[in-house]
Amino acid sequence: MTNPADKTSMRHEHGTIVLVEDDIHIAELIDIYLRDAGFRVLQATDGERGLELIKLQQPDLVILDIGLPGELDGLEVCRELRKTTEIPIVILTARDDEIDRIIGLELGADDYVTKPFAPRELAARIKAILRRSDRKPRTGEGPFHIGNIVVDVVRREVTLNGDIVQLTAREFDLLAHFAEHVGIAYTRQQLLDAVWGSGWYGDERTVDVHVRQLRRKLGDDFPLTTVWGVGYRCG
Ligand code: CA
């Protein structure tokens, strides 16, 4: 038996994760795997407690099961979190529930993992997301102007006609990519590789969901063209 005191002193150099999952078997599996991968894992079994824990602990990332008991399901927790924070969120969805995945991404989740999943895949995705959100700003770049939109990659800030636009981390990265490559048409796969990274396993519709969000938030000032049979081009 491990002394419980040892658990808290275990290495967690990769950061703290709050896991909100009511299925104790799945939670335990994720917990073991992520601790082993060097994360500190804190657990909640419903949405309300999850939100409290996140507020209290300010973790580096949140894993949210969609189907949770109580007042708040995972999507509602996601929506609540996005009102105040850009913290990376990974949602866990059932195999057949494409709608949940799309809604989750629209609500600002950074990624999703479909149950059943290999813990190794989940850990890989989490590391990829944390690498991206940690990415040091590249000095001497930008800010980039797209019409009335200014994308400041150093401050990670977007303004439209001088007003700050709230974007999720992934929306920001996608917009920054477009801003840095005005006039070039990209396929969805190229955008996935450039913005989500080559370790990302999701499907191309994820790009469409994020594009839709950018269009919604930036309106007609965002000169993004759908290039039929190819993908998207800014300007
Ligand atoms: Ca569940």
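Residues numbered from 1 in each chain as written. Predicted model: local features only at pLDDT ≥ 70, side-chain atom pairs only at ≥ 80, totals over all residues. Heavy atoms only, no water.

**Thoughts on the packing of helix H7 (residues 169-180) against helix H8 (residues 188-196)**
(1) Moving on: Between H7 and H8, the shortest axis-to-axis distance is 10 Å and the interhelical angle comes to 115°. When the axes of H7 and H8 are compared, the crossing they make is right-handed. Along the contact surface, H7 presents Arg170, Asp173, Leu174, His177 and Phe178, while H8 presents Leu191, Ala194, Val195 and Trp196. (Axes fitted to C-alpha atoms, helices over the stretch in contact; angles between N-to-C directions. Helix = DSSP H or I, 4+ residues; strand = E, 2+ residues; numbered from the N terminus. Left-handed = near helix turned anticlockwise from the far one by under 90°. Contact = heavy atoms within 4.5 Å.)

**Some words on unusual backbone geometry**
(1) Moving on: Look at the link from Lys115 to Pro116: it is a cis peptide, with omega at -5°.
(2) Moving on: Its identity as a non-glycine residue notwithstanding, Asn161 has a phi of 50°, on the positive side.

**Comments concerning the coordination of the calcium ion**
(1) Moving on: Distances from the calcium ion to its protein donors, namely Asp22 (OD), Asp65 (OD) and Gly67 (O), fall within the range 2.1 to 2.3 Å.
(2) Moving on: The sequence pattern formed by the donor residues of the calcium ion is D-x42-D-x1-G. (Donors = N, O, S within 2.8 Å, 3.2 Å for Na, K, Ca; no water.)

**Describing the confidence of the model for the protein**
(1) Moving on: Averaged over all residues, the pLDDT of the protein is 86; the fraction at 70 or higher stands at 89%.
(2) Moving on: Of all helices and strands in the protein, the one with the weakest mean pLDDT is helix H1 (residues 4-8) (43), whereas strand E3 (residues 61-65) scores best (96).
(3) Moving on: This stretch, residues 1-11, has a pLDDT under 50; its non-local contacts, to residues over four places away or in other chains, come to 6 contacts.
(4) Moving on: Throughout residues 136-140 the model reports pLDDT below 50, and contacts reaching past four residues in sequence, or to other chains, amount to 6 contacts. (pLDDT = per-residue confidence, 0-100.)

**Notes on the pattern of salt bridges**
(1) Moving on: On inspection of all chains with the given rule, the structure shows 14 salt bridges.
(2) Moving on: Of the charged contacts in the structure, one is a salt bridge between Lys115 and Glu21, with a shortest N-O distance of 3.0 Å. Of the two residues, Lys115 sits in strand E5 (residues 111-115) while Glu21 sits in the loop between strand E1 (15-20) and helix H2 (24-36), which places them 94 residues apart along the sequence. Judged on exposure class, the residue Lys115 and its partner Glu21 are both buried. (Salt bridge = Lys/Arg side-chain N within 4 Å of Asp/Glu carboxyl O. Buried < 20%, exposed > 50% of the residue type's maximum accessible area, 1.4 Å probe, protein only.)

**Here we look at the pairing of E1**
(1) Moving on: Across the 6 residues of E1, 6 count as buried, placing the element largely inside the fold.
(2) Moving on: Taking every second residue as pointing to the same face, both faces of E1 are buried, with Gly15, Ile17 and Leu19 on one and Thr16, Val18 and Val20 on the other.
(3) Moving on: The parallel pair E1 and strand E2 (residues 39-44), bridged by H2, forms a crossover whose chirality is right-handed.
(4) Moving on: Pairing geometry for E1 and E3, over 4 bridges, is parallel. Residue Leu19 lies in a different strand from E3, and its bridge partner there is Ile63. (Right-handed = clockwise from strand over helix to strand, strands pointing away. Pairing = 2+ DSSP bridges.)

**Some remarks on the sheet that holds strand E11 (residues 224-227)**
(1) Moving on: The antiparallel open sheet is built from 3 strands, whose spatial order is E10-E12-E11. Sheet topology places strand E10 (185-187) and E11 at the edges, where each strand pairs with a single neighbour. Across the sheet, the axes of successive neighbouring strands diverge by a mean angle of 30°, strand direction being ignored.
(2) Moving on: Sheet topology note: the E11/strand E12 (residues 231-234) ladder contains 4 bridges and is antiparallel. Along E12, the bridge assignment pairs Thr225 with Arg233.

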